[in-house]
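# Reading the structure
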Amino acid sequence: MVIDTNTCVGCMDCVVACQTENNVPEGFCRDWITTEAKGSFPTIDMEIRSERCNHCEIPPCVPCCPTGASHVSDIGGIVLVEHNKCIGCKACITACPYDARYIHPDGYAEKCTFCVHRVNEGIDPACVSVCPTKCMHFGDLDDPNSEVNKLLNSRKHHSLLREAGTKPNILYLT
Amino acid sequence: MNEITITRNNELIDPLLHVWSWEIPVYLFLGGLVAGMMIIAGYFLYTGRNKKSKSSSSFIPFVSFALLSLGMIALFLDLENKLYVWRLYTTFEITSPMSWGSWILLLIYPILIVGMIIGLPDKYIEKYSFLRSIRTFFVTKTSRVKALGMLYILFGVMLGMYTGVLLSSMGARPLWSTSILWVLFLSSGISGGAALVHMITKDKYESDLLLKADNIFLSIELVVIIMMLVSLVSTSEVHMNAAMLLISGEYAIRFWVLVVGLGILVPLIIQILTVNNIVKHIVIAPIMVILGGLALRFIIVAAGQLSHW
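As the structure is a prediction and not an experimental result, all values here were calculated from the model.

Tallying secondary structure elements over chain B gives 11 helices and 1 strand in all. Taken from N to C terminus, the helices and strands of chain B fall in the order β-α-α-α-α-α-α-α-α-α-α-α. Taking 2.2 N^0.38 as the reference for a compact globule, 309 residues should give roughly 19 Å; the C-alpha atoms of chain B span a radius of gyration of 21 Å, in line with that estimate. Its C-alpha atoms give chain B principal-axis dimensions of about 75 × 55 × 25 Å. Looking at chain B as a whole, 52% of its 309 residues qualify as buried. Within chain B, contacts between residues separated by at least 24 positions form 73% of all contacts whose residues are at least 6 apart in sequence.

In structure tokens form, the structure reads like this:
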């Protein structure tokens, strides 16, 4: 997933769309808005980002799972949790440097699934579909001709906590 | 200026991670204590001290069984999806320290039960022939008791190690992300175990031996703590910030006073004076060692969750 921080206005449509699409329990969210202001007046630089699970290339939440509930899916390397295998030990939550997971009131660990049920049908994730500024782009990072790769080739970009060594699969255009 | 605002407010995650409460430190403490006691019992079994009627190797399996079970209850209470606990035993995930731990715990029980049968008073053994045959199988050959002793030491070390590896495998929490953490937990477990056995054993030789040994274990623990802090401070900025939580930050007073001061230094001084017959033996020192071990687990688990990238 590629997100353009120059066009994101932080309206939180993506957050609400995700909560509605995925029946996210009240008080929780799988995606959220981060606003980062850097510098000092008058040269202040502000970045608004829609954040969620980074579906990392090296996901620390997967090897720590004692039951195999937390796994990398065959579909595009999406990181998922099998609810009926999860014992709620919370190892994956402490293993994630992005704090992207939480415990669902029913007892299992939950997080962004990239709306895998929609992706399976060839539709974009809910957050991408509703974005009023079209700042989010979903596609195949392995395909050099995909829209996401074209954007990455033409623009400067960064990922979150690169130094944590997880190789995030969400990239932010700056 | 670098100001970050996040709209997320997930329970137990925000504003600061606090998913592991009292259950995990209590379990890590009891697991460490049992690990220490198993190593001690293993040594006594290996050296043939089980032949002495008062040897602590006869009661350690009972105490270990009780404490480990209490620890496992705490672990179970921490699970959010308790009905699915059996899922731990339908798989073995080689990369997950928690999976290793759940299987180690399962294997420890039969070893403890064999030790309990060997340590049971004769009047109980005589009532049940199968207990007698198990005891006879081991006791009649020294090599078998020695092998059992080795198993006690092996599983004690594995239990003590894994409790540290469990946390240190979490790269996302810089305070835990140091490979020396298992040495700290193991040395703390052995010093706590030695203190507990020293307190309750009626065998004078073993009690004196464990008091002397405990001074060595406490000294090692102190060195390991210093090494851990040095290694964290010299790794990266996030690791340094994590170490600062203990050195001068939010957990500093509790860490220096409860863990280092009252948990290691004061009992170490008292015990050194006792060993050298300068002061009379007082039971407060081993109690301080044990409580210091508990404080260590609470502080490491809480401060570790506070540390972040």
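Here the narrative resumes, following the displayed structure.
Attention now moves to a negative patch on the surface. Residue and element names in this part refer to chain A. Judged by side-chain charge, E57, D140, D142 and D143 come together as a negatively charged surface patch. Positionally, D142 belongs in the loop between strand 8 (136-137) and helix 5 (147-154). Owing to a relative accessible area of 71%, D142 belongs among the exposed residues under this scheme.

What follows covers a nonpolar patch on the surface. Where nonpolar side chains cluster on the molecular surface, the patch consists of I253(B), W256(B), V257(B), L258(B), L262(B), L265(B), V266(B) and I269(B) and spans about 690 Å² of accessible area. Inspection of the secondary structure assignment puts W256(B) in helix 10 (residues 252-275).

With that out of the way, let us pick up helix 5 of chain A. Residues and elements named next belong to chain A. Here helix 5 has its buried residues at V148, N149, L151 and L152. Along the axis of helix 5, the buried positions cluster into a sector of 160°, meaning they face one direction only. Exposed side of helix 5, more than 90 degrees from the buried face: K150, N153 and S154 are the residues found there. Those residues of helix 5 that are buried are in contact with strand 1 (2-4), strand 8, strand 9 (157-158) and strand 10 (171-173).

Grouped together as the largest cluster of nonpolar side chains are 101 residues, with contacts concentrated most on W20(B), L159(B), L167(B), L246(B) and I300(B). The element that contributes the greatest number of residues to this core is helix 1 (residues 23-46) of chain B, accounting for 15 residues. Once residues lying within four places of it in the same chain are set aside, the contact partners of L167(B) are W20(B), L28(B), W176(B), L181(B), F185(B), I300(B) and V301(B). In this structure, C8(A), W32(A), V116(A) and I170(A) belong to the second largest nonpolar core, which totals 27 residues.

Our next topic: the packing of aromatic side chains. Counting across every chain of the model gives 11 aromatic pairs over all chains. Pairing Y43(B) with F44(B) gives two aromatic rings, centres 5.7 Å apart and planes at 50°, and the pair type is tilted. Directly above the aromatic system of Y172(A) lies the positively charged group of R49(A), at a separation of 6.0 Å from the ring centroid. One residue, R144(B), lies across the ring of F137(B), its end atom 4.1 Å from the ring centre.

Time to look at the sheet that holds strand 1 (residues 2-6) of chain B. Overall, antiparallel pairing links the 3 strands, which are arranged 3(A)-2(A)-1(B) in an open sheet. The strands lining the two open edges of the sheet, one partner per strand, are strand 3 (43-51) of chain A together with strand 1 of chain B. The sheet shows a mean angle of 15° between the axes of neighbouring strands, direction not considered.

Turning our attention to the interface of chain B and chain A. In this assembly, 34 residues from chain B lie in contact with 44 residues from chain A. Together chain B and chain A conceal approximately 3400 Å² of surface at their shared face, both sides included; 58% is due to carbon and sulfur atoms. Of all residues in chain B, M1(B), R8(B) and W309(B) bury the most surface against chain A, accounting for 18% of the area lost on that side. At the junction of chain B and chain A, the tally comes to 22 residue pairs in polar contact (both at pLDDT 80 or more). Those elements that provide at least two residues to the side of chain B that touches chain A are strand 1 and helix 3 (97-119) of chain B. Looking at the side of chain B that touches chain A element by element, the count peaks at 5 residues for strand 1 of chain B. Of the residues that constitute the side of chain B that touches chain A, the class distribution is 16 nonpolar, 10 polar and 8 charged.

This brings us to the pattern of salt bridges. Residues and elements named next belong to chain A. Applying the stated criterion across every chain, the model contains 17 salt bridges over all chains. The salt bridge involving R118 is made with E21; its shortest N-O contact spans 3.3 Å. Remark: E21 occurs in helix 1 (residues 13-21) and R118 occurs in helix 3 (residues 116-119); sequence separation between them is 97 residues. With a closest N to O distance of 2.6 Å, R49 and E47 form a salt bridge. Accessibility classification places R49 together with E47 in one group, the buried group.

All names here are of chain A. By the bridge criterion, 9 bridges tie strand 2 (residues 32-40) to strand 3 in an arrangement that is antiparallel. When the sheet's bridge partners are listed, T34 is paired in strand 3 with R49. With antiparallel pairing between neighbouring strands as the criterion, strand 2 and strand 3 make up a hairpin whose turn holds 2 residues.

All names here are of chain A. Spatially, the 4 strands line up as an open sheet ordered 8-1-10-9, and their pairing is mixed. The open sheet terminates on both sides in strands that have one partner only, identified here as strand 8 and strand 9. Summarising the sheet, strand 1 and strand 10 pair through 3 bridges and their orientation is parallel. By the bridge assignment, V2 is partnered in strand 10 with L171.

Cis geometry marks the peptide bond from F41(A) to P42(A), where omega comes out at 5°. Tracing the sequence through the fold places P42(A) in the loop between strand 2 and strand 3. With an omega dihedral of 0°, the bond running from D14(B) to P15(B) counts as a cis peptide bond. Structurally, the position occupied by P15(B) is in the loop between strand 1 and helix 1. For D99(A), which is not a glycine, the phi torsion comes out positive at approximately 50°. Looking at the secondary structure, you find D99(A) in the loop between helix 2 (91-95) and strand 6 (102-103).

What counts as what
Residues numbered from 1 in each chain as written. Chains lettered and ligands numbered in written order. Predicted model: local features only at pLDDT ≥ 70, side-chain atom pairs only at ≥ 80, totals over all residues. Heavy atoms only, no water. Helix = DSSP H or I, 4+ residues; strand = E, 2+ residues; numbered from the N terminus. Rg over C-alpha atoms; globule rule 2.2 N^0.38 Å. Buried < 20%, exposed > 50% of the residue type's maximum accessible area, 1.4 Å probe, protein only. Contact = heavy atoms within 4.5 Å. Patch = residues over 30% accessible without salt bridge, like charges linked within 9 Å, V, L, I, M, F, W, Y side chains within 5 Å. Areas by Shrake-Rupley, 256 points an atom, 1.4 Å probe, with all protein chains shown as cover. Salt bridge = Lys/Arg side-chain N within 4 Å of Asp/Glu carboxyl O. Lys, Arg positive; Asp, Glu negative; His and termini not counted. Charge placed at Lys NZ, Arg CZ, Asp CG, Glu CD. Arc of directions from axis to C-beta. Core = buried A, V, L, I, M, F, W, Y, C linked by side-chain atoms within 4.5 Å. Phe/Tyr/Trp six-rings, centres within 6.5 Å; stacked < 30°, edge-to-face > 60°. Lys NZ or Arg CZ within 6 Å of the ring centre and 35° of its normal. Pairing = 2+ DSSP bridges. Axes fitted to C-alpha atoms, helices over the stretch in contact; angles between N-to-C directions. Buried area = accessible area lost by both parts, 1.4 Å probe. Polar contact = N/O pair within 3.5 Å; in protein donor to acceptor, adjacent residues only side chain to side chain. Nonpolar A, V, L, I, M, F, W, Y, C, P; charged D, E, K, R; others polar.

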